[in-house]
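One-letter residues, chain by chain:
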2 protein chains.
Amino acid sequence: MDDVFKALADASRRSLLDRLHAKNGQTLNELCEGLAMTRQAVTKHLVILEEANLVTTYRHGREKLHYLNPVPIHQIGERWIKKFERGKLTALSELKRQLEKRDE
Amino acid sequence: MDDVFKALADASRRSLLDRLHAKNGQTLNELCEGLAMTRQAVTKHLVILEEANLVTTYRHGREKLHYLNPVPIHQIGERWIKKFERGKLTALSELKRQLEKRDE
DNA sequence: TTGACAGGCAACCATTTGGTTGCCTATTAT
DNA sequence: ATAATAGGCAACCAAATGGTTGCCTGTCAA
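Below you will find a few notes about this structure. In this text, all values refer to a predicted model and were calculated from it rather than measured experimentally. (Residues numbered from 1 in each chain as written. Chains lettered and ligands numbered in written order. Predicted model: local features only at pLDDT ≥ 70, side-chain atom pairs only at ≥ 80, totals over all residues. Heavy atoms only, no water.)

## Quick look at the protein's contact with DNA strand D
Around DNA strand D sit 21 residues, and of these N29 and R62 of chain A together with T38, K44 and H45 of chain B come closest. Here L28 of chain A contributes a backbone N or O atom positioned 3.2 Å from a phosphate oxygen of DNA strand D. For DNA strand D, a phosphate oxygen lies 3.2 Å from a polar atom in the side chain of R13 of chain B. When contributions to the surface near DNA strand D are tallied by element, the ones reaching two or more residues are α3 (28-32), α4 (39-51) and β3 (63-68) of chain A together with α2 (11-22) and α4 (39-51) of chain B. Among the elements that take part in the surface near DNA strand D, α4 of chain B stands out by supplying four residues, more than any other. (Near = heavy atom within 4 Å. Polar contact = N/O pair within 3.5 Å; in protein donor to acceptor, adjacent residues only side chain to side chain. Helix = DSSP H or I, 4+ residues; strand = E, 2+ residues; numbered from the N terminus.)

## Side note on α2 of chain B
Residue and element names in this part refer to chain B. Over its twelve residues, α2 runs 16 Å from end to end, which matches the ideal 16 Å to within 8%, given 1.5 Å per residue. For α2, the set of buried residues is R13, R14, L16, L17 and L20. Along α2, the residues classed as buried sweep out an arc of 155 degrees about the axis, all on the same side. Two or three places before S12, at the start of α2, stands the capping residue D10, its side-chain oxygen 2.8 Å from that residue's backbone nitrogen. (Expected span 1.5 Å × (residues − 1). Buried < 20%, exposed > 50% of the residue type's maximum accessible area, 1.4 Å probe, protein only. Arc of directions from axis to C-beta.)

## As for the pairing of strand β2 (residues 55-60) of chain B
All names here are of chain B. Inspection of the sheet shows β2 paired to strand β3 (residues 63-68) by six bridges, in the antiparallel sense. Looking at the pairing, R59 lines up with K64 of β3. What sits between the antiparallel neighbours β2 and β3 is a turn of two residues, in which G61 has the positive phi angle 65 degrees. (Pairing = 2+ DSSP bridges.)

## Quick look at the sheet that holds β2 of chain B
As a general point, the strands of a sheet are linked pairwise by backbone hydrogen bonds and lie either parallel or antiparallel. All names here are of chain B. The three strands lie next to each other as β1-β3-β2, forming an open sheet whose pairing is antiparallel. Edge positions in the sheet fall to β1 (26-27) and β2, since each has one partner strand and no second. One ladder, built from two bridges, connects β1 with β3; its direction is antiparallel. Each bridged residue has a counterpart across the sheet, and for Q26 the counterpart in β3 is H66.

## Focus on the pattern of salt bridges
In this structure the tally under the stated criterion is twelve salt bridges over all chains. Two residues, K82 of chain A and E78 of chain A, come together in a salt bridge whose shortest N-O distance is 3.2 Å. Placement of the pair is K82 of chain A and E78 of chain A together in helix α5 (residues 71-85), with a separation of four residues, close to one helical turn. Under the relative-accessibility criterion, K82 of chain A is labelled partly exposed at 43%. For E78 of chain A, a relative accessible area of 37% puts it in the partly exposed group. Here E50 of chain B and K64 of chain B are joined by a salt bridge, their closest N and O atoms 3.6 Å apart. Here E50 of chain B is found in helix α4, whereas its partner K64 of chain B is found in strand β3, with 14 residues between them in sequence. (Salt bridge = Lys/Arg side-chain N within 4 Å of Asp/Glu carboxyl O.)

## Quick notes on unusual backbone geometry
Positioned with a positive phi, N53 of chain A is a non-glycine residue whose angle comes to about 65 degrees. With respect to the element layout, N53 of chain A can be found in the loop between α4 and β2 (55-60).

## Concerning the protein's contact with DNA strand C
Neighbouring residues of DNA strand C: 22 residues in total, closest T38, K44 and H45 of chain A together with N29 and K64 of chain B. One of the side-chain nitrogen or oxygen atoms of R62 of chain B is found 3.1 Å away from a base oxygen of DNA strand C. Broken down by secondary-structure element, the contributors of at least two residues to the surface near DNA strand C are α2 (11-22) and α4 of chain A together with α3 (28-32), α4 and β3 of chain B. In terms of residue class, the surface near DNA strand C is built from three nonpolar, nine polar and ten charged. (Nonpolar A, V, L, I, M, F, W, Y, C, P; charged D, E, K, R; others polar.)

## Let's talk about the sheet that holds strand β1 (residues 26-27) of chain A
Reading across from one edge, β1-β3-β2 (chain A) is the order of the three strands in this open sheet, with antiparallel pairing throughout. Single-partner strands in this sheet number two, and they are β1 and β2 of chain A.

Note that every value here comes from positions in space, so none of it alone points to a role or purpose.
Quick look at the structure:
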């Protein structure tokens, strides 16, 4: 879980996921196109995404295809974000209540 | 948005949010209890959470109360995670299809 | 009014991170 | 066979990160 949060913390990596979301199964060079970064930098990001299990790769000849795995993102949503959904309103109204009694 | 992802990337900070979720409106010292970290380290984490707007503070005398603001977390869920929900099944079946034709 | 308590500020430190360059290997196309 | 293409590996670098210690300020209670 920590790996996933860490992987998602970087904007370049999130944009790589976006690119794969737009078009799945891209090669490394395809993913590099138009990016202000060397191929090696992109490789490093992709390794981090792989280790977080957010991207799965598949070697085809001399090409390496990258596939998005949305499961960990879904799990973050289910296991983590949903926990804070409940009680959102109560938390806010509690805060409001506290702020309003500030000058007592 | 980047601030929020960055803030959530650290396990200590996520556990601080958990603590506030369990009991809202805690003081700094309260939040330090039982943590293997100095008060100053916790302060730094709380500053990052404040800057990401995940925590709101309110000074009461010599105490500083910390309140959880779940809105940014909710936004991550709505604006980011949901984007990858759609197409989850299609992405997986696409991957499966590709993997299966590997030995053609 | 004076000591204890809650918290803030700043300097410093080691490690991690995000990036680079240079070179090497494997596969494909001519 | 050979050149071009796709990617991998390793060393190196600057800046950011997560933590520490030491000391200072403001508020409350005896």
